[in-house]
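# Per-entry structural report
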There are 2 protein chains.
Amino acid sequence: MSKGTTGFSKTIKFTSETYPEIKRDSKFAELTLDHVKFFKELLGSDSAIIDGVSRDATEDIEPFNGDWMRKYKGHTKLILKPASTEEVSQALKYCNDNMLAVVPQGGNSGLVGGSVPVFDEIVINMSRMNKIRSFDDVSGTLVVDAGVILEVADNYLAEKGYIFPLDLGAKGSCHIGGNVATNAGGLRLLRYGSLHGNVLGIEAVLPDGTIVDDLSRLRKNNTGYDLKQLFIGGEGTIGIITGISIICPQRSKAINVAYFGLESYEKVQEAFKEAKGQLSEILSAFELMDQQSQDLVGKVTNNKRPLDNEYPFYCLIETSGSNAEHDNEKLEKYLEHVMEKEVVLDGVLAQDETQVKALWGWREGIPECLGYWGGVYKYDVSIPINELYALVEDTKTKIKKSGLMGDTDEHPVVEVVGYGHMGDSNLHLNVAVRRYDKRVEKVLEPFVYEWIAKRSGSISAEHGLGLAKKNYIGYSRSHTMIRLMKQIKELYDPNGIMNPYKYI
Amino acid sequence: MSKGTTGFSKTIKFTSETYPEIKRDSKFAELTLDHVKFFKELLGSDSAIIDGVSRDATEDIEPFNGDWMRKYKGHTKLILKPASTEEVSQALKYCNDNMLAVVPQGGNSGLVGGSVPVFDEIVINMSRMNKIRSFDDVSGTLVVDAGVILEVADNYLAEKGYIFPLDLGAKGSCHIGGNVATNAGGLRLLRYGSLHGNVLGIEAVLPDGTIVDDLSRLRKNNTGYDLKQLFIGGEGTIGIITGISIICPQRSKAINVAYFGLESYEKVQEAFKEAKGQLSEILSAFELMDQQSQDLVGKVTNNKRPLDNEYPFYCLIETSGSNAEHDNEKLEKYLEHVMEKEVVLDGVLAQDETQVKALWGWREGIPECLGYWGGVYKYDVSIPINELYALVEDTKTKIKKSGLMGDTDEHPVVEVVGYGHMGDSNLHLNVAVRRYDKRVEKVLEPFVYEWIAKRSGSISAEHGLGLAKKNYIGYSRSHTMIRLMKQIKELYDPNGIMNPYKYI
């Protein structure tokens, strides 16, 4: 479970207080002035280090100790900002030799507490490694430092007619290194596929200082185990990614958006299947929103609803292609077809850029509107597509039975809402509440996790494990898989200094 | 270097004779009647085992001991054909406990000797595990046994309007398990991406019998290290893949093909870039053929050339989309554009299915026609796209200088030819010869490998390492990478029983 961001507490609790059961591992050394001296000499520049050991630097360090949701807060006293792979290598080797725990940090935009320290782990922040190393505008291969901000790379590519094959809300701050380390999914996955397919090469540093020089710019290279894949989604627990090579597709010239209403989840599946068939190569998003989610957005924003009547389900389709006329024709034909077959009951097509944005608002506005009443219990899950929405229905039934949901103040729960990336079988189950309440949590957990486990779903589709989901991995992975994962961790990080207390 | 298939020797030499420097590792046990008894009891059925230990079964075993190119031949005396993952697990555990070496075998269509034994390794052939386990026709997720033949799966999907995201010449015999184990690339990679992105889950068995139950059907699942990736391209050296889950795209309704002539490799790159921009989402193949390759095909087949004049380079473009009219319009507009800008000098568009096949014949016919004079030295390499063709030019210059190339019989070399999957930066450098000649080999090697290494290319783009390329990995991978790969091998297969003498 992840709790939403709105209200409730002004001061941020230390993670060590929120999770009193997590104890600092005594095998790790405490930072000394000698350690700091080494790092100062290694990194040289004043801007490369924030030293809270020899002086009080609480204020300077604060942004690195906590996350943007204000849910996690660590006790670190040292921030290192290496400027090269060689510096990362020497810093890590020293930490490993001296049993100093480390947290790799990118743009710090994660949702599961993976990029902030719990205790006094040294933060290795990658923001100074921010160069675009090369771009081949025939093959579309981009090579960047890990600290390059996603939006910076995408803007750079836009000028050349290319697009970064990943897009997400935090693009203005997140680092590409962090995206890769967390295997970020985002909005373009349906069209461009996952980072496991798009990342061509990785340069990374292991705890012992070994530089993994696997920064291939080749689309095909069948010479041995594809080790870079372990770093994709490894959440900084076996090494620090310092460079990435990635294949980028051409940027689409035309974007079209349609929004429509349907009478059941069965019809949503039909509409999706038809969309894949008819829109095929131009389909770039297929988003699902239930009635409750749209009612909430309507209530909070007071915007005019896109359709005249109300429907149990809504979908948003986006197409991206190289020819606006062709795409329009395909989308219109598709809508005609699904309306004639009564798969879709009503629909509207955006006529211009403003309408595109307005329609997307009914999807993208959901998370914010959900927080309107106070808080949100959030689950980011993946379930085989035929049962995707049943989780929302079953959760709602259970909460209704508990008597905790209602229109009046004494009921903590306002509504149970489902929406998400239908195209990727990725559901956001959100429970909007007037206040966080232990009774609600008890109804939700372990119910939700058990429900997902029964269907071989994933308890974390795209957010990762971090600290928040560490204890729940057993709902999505077998004992065997967890054992094999721990073997990998042990292989690369035998001292356990990399991002401790998290992941598996 | 891989040698072509035509002529030269009627009897197949044992691999142990071709490579006398490879010695049987004495740590492996010799097969006994007790071992055979165990496997007979385990697998039950008569059709599950070919026993060459207690009787002479040379003839029955022959197809499993050798490869289709007739280049490799082993000495195995035992073929196991398990019917379930549980049987694979018990068989492997027994082999591991008794130090019996093993070769996993799929359709045995590989090009580098990876799927045939060298000495008396037991062959575990997967052909009896040939069930399609499930298909979700909303998400497009297919789950199959490893032994399902690629074409069988693709035909099954065709009926449902889907396509397998991989296509290659051997599709009538290759197993999907083998495709995944060798990370096959093939014809659709430009459009649908690599198996690292498309494979959603893998079920595999480790040498100690552990069943890796990572057969997720989910598109997104960020819960721990993506271990399945190690098996993709692992060439059966850390375990045997028994099941695969893969995401399949919708089948395109329209296929269009164009063939054109260009004056230089610079223009080829321009044409490719323009194709990516204008054809973007419908581009499914961009193949390069040089003048020499087309001259050879013309000479051998006597077919009428598609274009009236001759050009230094030719390209074949294929589009696949959901609307034939739209695709035609895009392709025509593209051709107009590139001809007007003089990027392309002449071009032709296939008007029907027959012409589509005829044009593809000028690309697909190259390998066969190359063998016309006797033999072929073949290299399947990947090079950054701007230097892709320079390898052919430099090799030709070197061979010409050596005096080994000419029109008369005393010259072993007929021609140096370049063609390949331009869209994937994947070049096939082929040297057509009248006979294999040590002097030619000395000119070619290590020259070709050194040339590729200097440009950070790959000495095996899609064929893998197997036995053929085992000793050349150092040209494409650093000492560090090889050391890290050996660590993985040691972790999963400490006894070294899996596919020995090959890979890294």
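Residues numbered from 1 in each chain as written. Chains lettered and ligands numbered in written order. Predicted model: local features only at pLDDT ≥ 70, side-chain atom pairs only at ≥ 80, totals over all residues. Heavy atoms only, no water.

The secondary structure content of chain A amounts to 18 helices and 17 strands. For 504 residues, the compact-globule estimate of 2.2 N^0.38 gives 23 Å, and the C-alpha radius of gyration of chain A, at 24 Å, lies within 12% of that figure. Taken over the C-alpha atoms alone, chain A extends approximately 75 × 60 × 45 Å along its principal axes. Per-residue burial over chain A gives 63% buried out of 504 residues. (Helix = DSSP H or I, 4+ residues; strand = E, 2+ residues; numbered from the N terminus. Rg over C-alpha atoms; globule rule 2.2 N^0.38 Å. Buried < 20%, exposed > 50% of the residue type's maximum accessible area, 1.4 Å probe, protein only.)

Attention shifts here to the nonpolar core. Nonpolar side chains in soluble globular proteins tend to end up buried together. Counting 158 residues, the largest nonpolar core has Phe39 and Ile488 of chain A together with Phe39 and Ile488 of chain B as its most contacted members. Non-local contacts of Ile488 of chain A, meaning those with residues more than four positions away in its chain, are made with Leu230 and Ile238 of chain A together with Tyr225, Leu227, Leu230, Ile488, Leu491 and Tyr492 of chain B. (Core = buried A, V, L, I, M, F, W, Y, C linked by side-chain atoms within 4.5 Å. Contact = heavy atoms within 4.5 Å.)

Quick look at the domain arrangement of chain A now. All names here are of chain A. For chain A, the domain assignment lists domain 1 (15-128), domain 2 (132-247), domain 3 (254-362) and domain 4 (371-463). Just the C-alpha atoms count here: the centres of domain 1 and domain 2 sit 23 Å apart. Contact residues are listed per partner, giving 14 residues for domain 1 and 18 residues for domain 2. Together domain 1 and domain 2 conceal approximately 1300 Å² of surface at their shared face, both sides included; 67% is due to carbon and sulfur atoms. Sorting the residues of domain 1 by area buried against domain 2 places Thr85, Leu92 and Met126 first, and these three jointly supply 36% of that buried surface. At the boundary of domain 1 with domain 2, the tally comes to 0 salt bridges. On the surface where domain 1 and domain 2 come into contact, there are 3 residue pairs in polar contact (both at pLDDT 80 or more). (Domains from an automatic or database assignment. Buried area = accessible area lost by both parts, 1.4 Å probe. Salt bridge = Lys/Arg side-chain N within 4 Å of Asp/Glu carboxyl O. Polar contact = N/O pair within 3.5 Å; in protein donor to acceptor, adjacent residues only side chain to side chain.)

Chain A puts 93 residues into the contact, and the matching count from chain B is 93 residues. When chain A packs against chain B, the two sides together hide about 7600 Å² of surface, and 53% of this comes from carbon and sulfur. On the chain A side of the interface with chain B, the three residues burying the most area are Lys220, Asn222 and Tyr225 of chain A, jointly 14% of the side's total. In this structure, the connection of chain A to chain B is made through 8 salt bridges. The salt bridge involving Asp424 of chain A is made with Lys220 of chain B; its shortest N-O contact spans 3.2 Å. Viewed at the interface, chain B and chain A are joined by 58 residue pairs in polar contact (both at pLDDT 80 or more). For the side of chain A that touches chain B, the elements supplying multiple residues, two or more each, are helix 7 (189-192), helix 8 (195-198), strand 9 (211-214), helix 9 (228-231), helix 10 (265-278), helix 12 (324-340) and helix 18 (479-492) of chain A. Ranked by the residues each element gives to the side of chain A that touches chain B, the list is headed by helix 18 of chain A, at 10 residues. Residue composition of the side of chain A that touches chain B, grouped by class: 29 nonpolar, 41 polar and 23 charged. (Nonpolar A, V, L, I, M, F, W, Y, C, P; charged D, E, K, R; others polar.)

To continue, consider the relation of the copies chain A and chain B. The two copies are related by a screw motion: chain A maps onto chain B through a turn of 180 degrees and a shift of 0.0 Å along the axis, at an RMSD of 0.0 Å. Accordingly, the operation relating the two chain copies is best matched by a two-fold axis. Across chain A, the rotation axis passes nearest the C-alpha of Gly197 of chain A, at a separation of 1.9 Å. When the interface residues of chain A are mapped onto chain B, 100% of them again fall at the interface, so both copies present the same face. (Least-squares fit on C-alpha atoms with pLDDT ≥ 70 in both.)

Together, Glu325, Glu329, Glu332, Glu336 and Glu340 of chain A together with Glu325, Glu329, Glu332, Glu336 and Glu340 of chain B give the surface a local cluster of negative charge. For the negative patch, the secondary structure elements donating two or more residues are helix 12 of chain A together with helix 12 (324-340) of chain B. Assignment of secondary structure puts Glu329 of chain A in helix 12. (Patch = residues over 30% accessible without salt bridge, like charges linked within 9 Å, V, L, I, M, F, W, Y side chains within 5 Å. Areas by Shrake-Rupley, 256 points an atom, 1.4 Å probe, with all protein chains shown as cover. Lys, Arg positive; Asp, Glu negative; His and termini not counted. Charge placed at Lys NZ, Arg CZ, Asp CG, Glu CD.)

With that out of the way, let us pick up the packing of helix 2 (residues 33-43) of chain A against helix 4 (residues 85-97) of chain A. How two helices sit against one another is set out by the angle between their axes and by the gap between those axes. All names here are of chain A. Axis separation between helix 2 and helix 4 bottoms out at 10 Å; the angle between their running directions is 165 degrees. By the criterion of interaxial angle, the relationship of helix 2 to helix 4 is roughly antiparallel. Relative to helix 4, helix 2 is oriented so that their crossing is right-handed. Residues Asp34, His35, Phe38, Phe39, Leu42 and Leu43 of helix 2 form the contact with helix 4, whose participating residues are Glu87, Gln90, Ala91, Tyr94 and Cys95. Of the residues in the contact of helix 2 with helix 4, the class split is 7 nonpolar, 2 polar and 2 charged. (Axes fitted to C-alpha atoms, helices over the stretch in contact; angles between N-to-C directions. Parallel < 35°, antiparallel > 145°, perpendicular 65-115°, else oblique. Left-handed = near helix turned anticlockwise from the far one by under 90°.)

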